[in-house]
Amino acid sequence: MRLRCLEAIVLSVFAGCVTPQVQPAPTTAENQHEFLELARHAREENIERGGVIVLQGNRQIFIEIENTIRKDNGLFQQYVDFNRPQDYLTLCEHIDAALSTRTRCEPKLRSYFTAEAAYIKMRLNGLQYISGEERLQLAAQLWRKYEHLVLHNMYKMNQEQYSAAERQGHITAVVHTHDNTGPSLQDEYLSTTIPQIVVRINPDDSLIIYSGICGKFGIMPKCINMAN
Ligand SMILES: [Zn+2]
């Protein structure tokens, strides 16, 4: 049986940038306190966090949205235990999304990422034919590769939570955290579809907040003294 992996959902058709009707306003001190907490948690766990800015009246509120990748440890183990095709497809979907994201960020490593993604998908599929100690060892090896390729480098929003946020008001920007790096080429690309806010936390706990529209990022003014 040949399983087909789903297309990466982070990719959308590049149709040129349309200036958004509602520009994201400078974030408030309240937003920035929330960003600081968000970035600290993300750094502790080495898993990106994020959410959306929603316009309610003249206020812009931040709503955190779960990174679905966070559950992949459990999903991976479930697949190893039960070999359910649906779990395999979801893992493949995340692998493909990570592949396109990371290739866009680091084009020079395209062949490495492509080979890693293909290897993980192929061996995961083959896991069902192996048993015993060999199976456990392969599963552990594949998890390390999966973690390296997918888990620590992606923010993939929970779609149900995103829909719920949409019902609360107009979404003016998508927010996600970075540990000590600025916006990536992928973030520039995504900002052509919807404004992006990248919250960067530095090793000294200071924060830099980047705002991107139409592929260009600038640094937002700070409202709070972040290092404490
Ligand atoms: Zn990013």
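Caption draft 1: Focus on the sheet that holds strand 4 (residues 196-201). With respect to topology, 6 strands assemble into an open sheet ordered 2-1-3-4-5-6, the strand pairing being mixed. Whereas interior strands pair on both sides, the edge strands pair on one side only; in this sheet they are strand 2 (59-64) and strand 6 (216-219). Direction aside, the axes of adjacent strands within the sheet are offset by 25° on average. Inspection of the sheet shows strand 1 (residues 50-56) paired to strand 2 by 6 bridges, in the antiparallel sense. Opposite Gly51, over in strand 2, you have Glu64 as the bridge partner. Packed on one face of the sheet, helix 1 (residues 29-45) meets strand 2, strand 3 (170-179), strand 4 and strand 5 (207-213) and runs near 60° to strand 4.

Caption draft 2: Main features of helix 2 (residues 72-82). Those residues of helix 2 lying buried are Asp72, Phe76 and Tyr79. The arc that holds the buried residues of helix 2, viewed along the axis, is 60°, so those residues lie on one side. With respect to the buried face of helix 2, the exposed residues turned more than 90 degrees away are Gly74, Asp81 and Phe82. Those residues of helix 2 that are buried lie in contact with helix 3 (85-105) and helix 5 (132-151). Just downstream of helix 2 lies Asn83, where phi reads positive at about 55°.

Caption draft 3: Just helix 3, in detail. Spanning 21 residues, helix 3 covers 30 Å between terminal C-alpha atoms, matching the ideal 30 Å at 1.5 Å per step. Of all the positions in helix 3, only Thr90, Leu91, Cys92, His94, Ile95, Asp96, Ala97, Ala98, Leu99, Thr101 and Arg102 are classed as buried. Taken together, the buried residues of helix 3 touch helix 2, helix 4 (110-126), helix 5 and helix 7 (185-190).

Caption draft 4: Local environment of the nonpolar core. Counting residues in each nonpolar core, the largest one holds 42 residues, and the members touching the most others are Ala39, Val52, Ile95, Leu149, Val150, Val175 and Val199. The element best represented in this core is helix 3, accounting for 6 residues. Domain assignment of the residues forming this core places at least three in each of domain 1 (29-66 + 160-219) and domain 2 (68-151). In contact with Val52, not counting residues within four places along its chain, are Ile63, Ile65, Tyr162, Ala165, Ile171, Ala173, Val174 and Val175.

Caption draft 5: Region of the structure containing the packing of helix 2 against helix 3. Viewed as axis vectors pointing N to C, helix 2 and helix 3 meet at an angle of 135°, and their least axial separation amounts to 9 Å. Between helix 2 and helix 3, the angle falls in the class oblique. Of the two elements, helix 2 crosses helix 3, and the hand of that crossing is left-handed. Within the contact between the two elements, helix 2 uses Asp72, Leu75, Phe76, Gln78 and Tyr79 and helix 3 uses Asp87, Tyr88, Thr90, Leu91 and His94. Tallied by class, residues from the contact of helix 2 with helix 3 come to 5 nonpolar, 3 polar and 2 charged.

Caption draft 6: Seen up close, the confidence of the model for the protein chain. Mean pLDDT over the protein chain works out to 86, with 86% of the residues at or above the 70 mark. When mean pLDDT is compared element by element in the protein chain, helix 4 scores highest at 97, while helix 7 scores lowest at 91. A low-confidence stretch, residues 1-15 (pLDDT under 50), is modelled with 24 contacts involving residues beyond four sequence positions or located in other chains.

What counts, and where the lines are drawn
- Residues numbered from 1 in each chain as written.
- Predicted model: local features only at pLDDT ≥ 70, side-chain atom pairs only at ≥ 80, totals over all residues.
- Pairing = 2+ DSSP bridges.
- Helix = DSSP H or I, 4+ residues; strand = E, 2+ residues; numbered from the N terminus.
- Axes fitted to C-alpha atoms, helices over the stretch in contact; angles between N-to-C directions.
- Contact = placed C-beta atoms within 7 Å.
- Buried ≥ 20, exposed ≤ 12 C-beta atoms within 10 Å, placed from the backbone.
- Arc of directions from axis to C-beta.
- Expected span 1.5 Å × (residues − 1).
- Core = buried A, V, L, I, M, F, W, Y, C linked by C-beta atoms within 7 Å.
- Domains from an automatic or database assignment.
- Parallel < 35°, antiparallel > 145°, perpendicular 65-115°, else oblique.
- Left-handed = near helix turned anticlockwise from the far one by under 90°.
- Nonpolar A, V, L, I, M, F, W, Y, C, P; charged D, E, K, R; others polar.
- pLDDT = per-residue confidence, 0-100.

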